[in-house]
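Residues per chain, in single letters:
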Amino acid sequence: MVSVGFSDVPYLSAPPLSLYVHFPWCVRKCPYCDFNSYTLHGELDEQRYVEALERDLEAQAVEVRGREVISIFFGGGTPSLFSPEGIGRVLAAARRHLTLASDIEVTMEANPGAIERGKFAEYRAAGLTRVSLGAQSFDSQRLQRLGRIHSPDETRRAAAELHTVGLDNFNLDLMYALPEQDVDAAVRDVEEALALEPAHLSHYQLTLEPGTVFAAQPPDLPDDDIAAEMLAECSLRMAEAGFAQYEVSAYARAGRQCRHNLNYWTFGDYLGVGAGAHGKLTLPASESIIRTLQLREPRRYLASIPAVVSQTRVHPHELPFEFMLNALRLVHGFDTSLFSTRTGLDWETVAGTMDTLIGRGLIVREGAHYRPSPQGLRFLNELLLSFVSEVCPESTKMADAFGLSTTS
């Protein structure tokens, strides 16, 4: 249990700001996916959706006037279903209504099977600086089992094209503990990915999320011990290739960490634009942090002029859990001052809980710096439950939403 304590010191300050833009359609929804995404039926109405994004950006920009945006992330769904011209229009709207950093990072997720050859040069000209390719695996049969529409060769061609056009700062998404996968096969996927010379690798364990096809019809997955062995062997191989782990599921070459995701993990702010997009904004003047949420269903979002954004104030009792949910994903952890400036709470709010976790070997303290131990990273869910406040039902709801069971 966390006891929330307030201080007379005005800790809360506005953190760095990012922009997330959601594109909700896919050629086909994957059976493991619980994101707000929809199978595209018929022709994509790109112009109408881009116009809605432009209105959404203009309406929400009022909340962050004068603040600099350090990163933009086009996620989905499959943003690469949209043309370079459409992506360029959204970026132009961002430049009109927001203050963009001169060295802004602009990432787009791309499905290797949903992007035409030669388009990456046009996306780069539109303003992209980074791409995240959904490779997932280099085994054709497992890709089919995952419902993916691309082949390993399409991933290889996409990576080669990215290098050719100068977008060598790209990420490859990989999954492990796939149906009927063994340790050798998981390591082969990593080796195939490394051969394409990405700057960044995201390495996720396949999990069965509620409401998905896989949850209703579970495939035969490796047990926990085999999955742990896969992770250990794959992490070792990535380290040997010069990829340092900096987050639970993220590995990067020196200087190539994802700036956008780092802002999430250090409890930064972000505007959420598009159908179902979430946002988080810090308002020091009112000493509050708010969550925003757009209409989830694309047809309702498109029919809303301007888009309707719901705002919910984050209760002080929720803030320790929300902060730790992000910051404890970081291998190198955080300083106590970051907790105070990002939540507005005194460190004493969580000091006792942290001491308990240190005693259990889940947290390592180095002066005013705290980080999860290797054991803490492995049992991160259990660690995070320590910050769920029994006096605030909302924190329990949030824990449940992230798959952290609060009952034994």
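Let us look at the structure shown here. (Residues numbered from 1 in each chain as written. Predicted model: local features only at pLDDT ≥ 70, side-chain atom pairs only at ≥ 80, totals over all residues. Heavy atoms only, no water.)

**So, the overall build of the protein chain**
When helices and strands are tallied, the protein chain shows 16 helices and 17 strands. The globule rule puts the C-alpha radius of gyration for 408 residues at 22 Å, and the 21 Å found for the protein chain is close to it. The C-alpha extent of the protein chain, read off along each of the three principal axes, is 60 × 50 × 40 Å. Contacts in the protein chain between residues at least 24 apart in sequence constitute 71% of all its contacts with a sequence separation of at least 6. (Helix = DSSP H or I, 4+ residues; strand = E, 2+ residues; numbered from the N terminus. Rg over C-alpha atoms; globule rule 2.2 N^0.38 Å. Contact = heavy atoms within 4.5 Å.)

**Details of a negative patch on the surface**
A cluster of acidic side chains, namely Asp182, Asp184, Asp223, Asp224, Asp225, Glu229 and Glu233, defines a negative patch on the protein surface. When you line up the elements, aspartate 225 lands in helix H8 (residues 224–240). According to the relative accessible area criterion, aspartate 225 is exposed, its value standing at 60%. (Patch = residues over 30% accessible without salt bridge, like charges linked within 9 Å, V, L, I, M, F, W, Y side chains within 5 Å. Areas by Shrake-Rupley, 256 points an atom, 1.4 Å probe, with all protein chains shown as cover. Salt bridge = Lys/Arg side-chain N within 4 Å of Asp/Glu carboxyl O. Lys, Arg positive; Asp, Glu negative; His and termini not counted. Charge placed at Lys NZ, Arg CZ, Asp CG, Glu CD. Buried < 20%, exposed > 50% of the residue type's maximum accessible area, 1.4 Å probe, protein only.)

**A word on the packing of aromatic side chains**
The full count for this structure, using the stated rule, is 16 aromatic pairs. Look at tyrosine 49 and tyrosine 301: their rings are 5.7 Å apart centre to centre, the planes differ by 50 degrees, and that puts the pair in the tilted class. Linking tyrosine 49 in helix H1 (residues 46–61) with tyrosine 301 in helix H10 (residues 298–303), this pair joins segments that are 252 residues apart in sequence. Judged on exposure class, the residue tyrosine 49 and its partner tyrosine 301 are both buried. (Phe/Tyr/Trp six-rings, centres within 6.5 Å; stacked < 30°, edge-to-face > 60°.)

**Side note on the pattern of salt bridges**
Across all of its chains, the model carries 17 salt bridges by this definition. With a closest N to O distance of 3.6 Å, arginine 237 and glutamate 191 form a salt bridge. With arginine 237 in helix H8 and glutamate 191 in helix H6 (residues 183–195), this pair connects stretches of sequence that are 46 residues apart. In this structure, glutamate 322 and arginine 291 form a salt bridge, with 2.2 Å as the shortest nitrogen-oxygen distance. With glutamate 322 in helix H11 (residues 319–327) and arginine 291 in strand E13 (residues 288–294), the pair connects residues that are 31 residues apart, well separated along the chain. Take glutamate 322: its relative accessible area is 2%, and that puts it in the buried class.

**Examining the sheet that holds strand E15 (residues 334–335)**
One open sheet accounts for three strands, arranged E15-E17-E16; its pairing is antiparallel. Whereas interior strands pair on both sides, the edge strands pair on one side only; in this sheet they are E15 and strand E16 (363–366). In this structure, E15 lies alongside strand E17 (residues 369–372), joined through two bridges in antiparallel fashion. Bridge pairing in E17 places aspartate 335 opposite histidine 369. Of the strands in this sheet, E15, E16 and E17 touch helix H13 (residues 348–359), which is tilted by about 110 degrees from E16. (Pairing = 2+ DSSP bridges. Axes fitted to C-alpha atoms, helices over the stretch in contact; angles between N-to-C directions.)

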